[in-house]
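Coordinates in review
One letter stands for each residue in the lines below.
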Amino acid sequence: MVMAEEVAGSLSHGRRWYPDVVQQVAPPGMFDLGPGYLEPPLLPVDLLRRAYADALSEFGSAALSYGPDAGALPLRTLLADRLGPPCTPDHLMVTAGTSHALHLIAAILFRRGDLALVEQVGYDLGHAILADSGLRLRAVPMDSAGMVPEELDRELGAAGGSRALVYLNPTFHNPTGMLVPSARRRELLKVAGRHGAVIVEDDAYAELAMSRSGRTDPLAALSGYRGVIRLGSFSKSLAPGLRLGWLAADPETVARIQAHGVFTSGGSPNHLASLAVTVLLVSGAYDQHVNWLRSCLRARRDALVDTLRANLGEEFTFDRPGGGFFLWLNAAGGHDEQALVTRARDAGVRVLPGSRFGRTATPAIRLAFSFNSPRRLAAAAHRLAAAWNPTDRMQLWT
Ligand SMILES: Cc1ncc(COP(=O)(O)O)c(C=O)c1O
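Residues numbered from 1 in each chain as written. Predicted model: local features only at pLDDT ≥ 70, side-chain atom pairs only at ≥ 80, totals over all residues. Heavy atoms only, no water.

With respect to the packing of aromatic side chains
- Using the criterion set out here, one finds 8 aromatic pairs in the structure.
- Ring plane angle 45 degrees and centroid distance 6.3 Å describe the contact between Trp-17 and Phe-371, whose orientation is recorded as tilted. One end of the pair, Trp-17, is in the segment before strand 1 (31-32); the other, Phe-371, is in the loop between strand 15 (364-368) and helix 13 (374-388), with 354 residues separating them in the sequence.
- For the ring pair Phe-234 and Tyr-286, a centre distance of 5.6 Å and an interplane angle of 80 degrees mean the geometry is edge-to-face. Of the two residues, Phe-234 is situated in the loop between strand 9 (228-233) and strand 10 (245-248) and Tyr-286 in helix 11 (residues 285-311); the sequence distance between them amounts to 52 residues.
- Connected via pairs of aromatic rings, a cluster forms that spans Trp-17, Tyr-37 and Phe-371. (Phe/Tyr/Trp six-rings, centres within 6.5 Å; stacked < 30°, edge-to-face > 60°. Helix = DSSP H or I, 4+ residues; strand = E, 2+ residues; numbered from the N terminus.)

Some details on helix 3 (residues 97-109)
- Here helix 3 contains 13 residues, and its C-alpha end-to-end distance of 18 Å stays within 8% of the 18 Å for a straight helix at 1.5 Å per residue.
- Buried within helix 3 are the following residues: Gly-97, Thr-98, His-100, Ala-101, Leu-102, Leu-104, Ile-105, Ala-106, Ile-108 and Leu-109. (Expected span 1.5 Å × (residues − 1). Buried < 20%, exposed > 50% of the residue type's maximum accessible area, 1.4 Å probe, protein only.)

Details of the pairing of strand 8 (residues 198-202)
- Of all 5 residues that make up strand 8, 4 are buried, and the element is covered over most of its length.
- When strand 7 (residues 164-168) meets strand 8, the two strands line up parallel, connected through 4 bridges. Bridge pairing in strand 8 places Leu-168 opposite Glu-201.
- For the crossover from strand 7 across helix 6 (residues 182-195) to strand 8, the handedness is right-handed.
- In the sheet, strand 8 pairs with strand 9 via 4 bridges, with the strands oriented parallel. Counted as the bridge partner of Val-200 is Ile-229 from strand 9. (Pairing = 2+ DSSP bridges. Right-handed = clockwise from strand over helix to strand, strands pointing away.)

Details of unusual backbone geometry
- Between Pro-85 and the following residue, Pro-86, the backbone shows a cis peptide bond with an omega angle of 5 degrees.
- Looking at where Pro-86 falls in the secondary structure, it is placed in the loop between helix 2 (73-83) and strand 2 (92-95).
- A cis amide bond links Asn-174 to the next residue, Pro-175, at an omega of 20 degrees.
- In this fold, Pro-175 is placed in the loop between strand 7 and helix 6.
- Backbone geometry places Phe-172, a non-glycine residue, at a positive phi of 55 degrees.
- Among the secondary structure elements, Phe-172 is positioned in the loop between strand 7 and helix 6.
- Residue Phe-172 is classed as buried on the basis of its relative accessible area of 2%.

Some thoughts on the pairing of strand 3 (residues 115-119)
- With 5 of its 5 residues buried, strand 3 lies for the most part within the structure.
- In the sheet, strand 3 pairs with strand 4 (residues 136-140) via 5 bridges, with the strands oriented parallel. Directly across from Glu-119, in strand 4, lies its bridge partner Val-140.
- Handedness of the strand 3-helix 4 (residues 124-132)-strand 4 crossover: right-handed.

Description of the site of the ligand
- Around the ligand, a shell composed of 13 residues is seen, among which Ser-99, Asp-202, Tyr-205, Ser-235 and Arg-243 lie nearest.
- For the ligand, an oxygen atom lies 2.7 Å from a polar atom in the backbone of Thr-98.
- The contact in question runs from an oxygen atom of the ligand to an N or O atom on the side chain of Ser-233, over 2.6 Å.
- When the free accessible area of the ligand is taken as 400 Å², the share hidden by the protein chains comes to 93%.
- Top contributing element to the shell around the ligand by residue count: helix 3, with 3 residues. (Near = heavy atom within 4 Å. Polar contact = N/O pair within 3.5 Å; in protein donor to acceptor, adjacent residues only side chain to side chain. Areas by Shrake-Rupley, 256 points an atom, 1.4 Å probe, with all protein chains shown as cover.)

Structural notes on the sheet that holds strand 8
- Here 7 strands make up an open sheet; going across it, the order is 2-10-9-8-7-3-4 and the pairing mixed. Edge positions in the open sheet fall to strand 2 and strand 4, since each of these has one partner strand only. With direction set aside, neighbouring strand axes in the sheet form an average angle of 20 degrees. (Axes fitted to C-alpha atoms, helices over the stretch in contact; angles between N-to-C directions.)

Examining the domain arrangement of the protein
- When the domains of the protein are assigned, the result is domain 1 (31-46 + 286-397) and domain 2 (47-283).
- Its C-alpha centre places domain 1 at a distance of 27 Å from the equivalent point of domain 2.
- Interface of domain 1 and domain 2: buried area, both sides summed, is about 2,800 Å²; carbon and sulfur atoms make up 56% of it.
- When the buried area of domain 1 at its contact with domain 2 is split by residue, Asp-46, Tyr-286 and Phe-357 rank highest and sum to 28% of it.
- One salt bridge in this structure joins Arg-356 and Asp-124, with 2.9 Å as the shortest N-O distance. (Domains from an automatic or database assignment. Buried area = accessible area lost by both parts, 1.4 Å probe. Salt bridge = Lys/Arg side-chain N within 4 Å of Asp/Glu carboxyl O.)

This is how it looks when you write it as structure tokens:
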């Protein structure tokens, strides 16, 4: 029986979680519900220490060489098996995470000024990568099932056949947690296919479904890898410090990307990390770890959702996400988004405003449940309810 409060390794308690060693550090004394990454006790230090040692024993000096331009074949073979037919190793390329893959796609397959159609509310930093690579971004409206196909059709029609990329994050979406249903996936594929647009399916959270019913076929699989480039990452299921991910596309597209000088010069990025992960996939340790991680995340999600449900006013609406890291709160009843963020901060809880991710219909807040224990999330939810509920505020003031 796996205990959700277990830590992933004896060294994984954040001993050196300092600003000069990690990208971000939580503000002192705050419950930080901002970061979209795993908290230190969930990072598998011991597992990876053994995996790197095993990879060096098994592959010897080959683990310390430049890797093949598309990435080590043992990893691509294992990934192809996991993705299933028609995916083969030639459909796969190892990348330094999803962020790197997005940059490669924008820089190699597109030209400056080409159109990138993005979700009206979506992963802000993914949008930044596309914009910083010179693409021209336009936001496409969404409804409760994701990007609206008719709106995508309209945008692509207006673009008059010029080259376009459609960036989607359909599985446990950042920031809303939404899972785009199969029917909507098929409609979006049809529209993009009709206009010859390439869909980039960012599936960074796909491994983190919290129940069997929470799984849906990737757009790449539905399309037979035609017109879709799917991106995967080990950042969310193992550790972002690995800087390891992959892209899956038709073999011609993969060949175009791997022919770029960055690979012919430098070979596969993070070759040693890719062999360490290979070892974990072969032994079954990766799947065991991800099962454990899912149970940890489920406990964290439930602690946050249940405490908010029991204590927040009715004007706050939200769904229990089926996977991933994020809970998305919509606030009706005249709430001001910035005021909600400020009142949360004054109560010792850091949350992110929905508007950071695009144009929202109502004031909204993103809460990440990946970076705090269930106990801390429940405590943070109590603080949020006290800070945001008008009646509680009145009691505090009187
Ligand atoms: C939707 C999405 N894509 C990509 C990333 C970054 O992935 P990687 O670490 O593989 O670059 C994140 C991380 O927050 C994300 O939320």
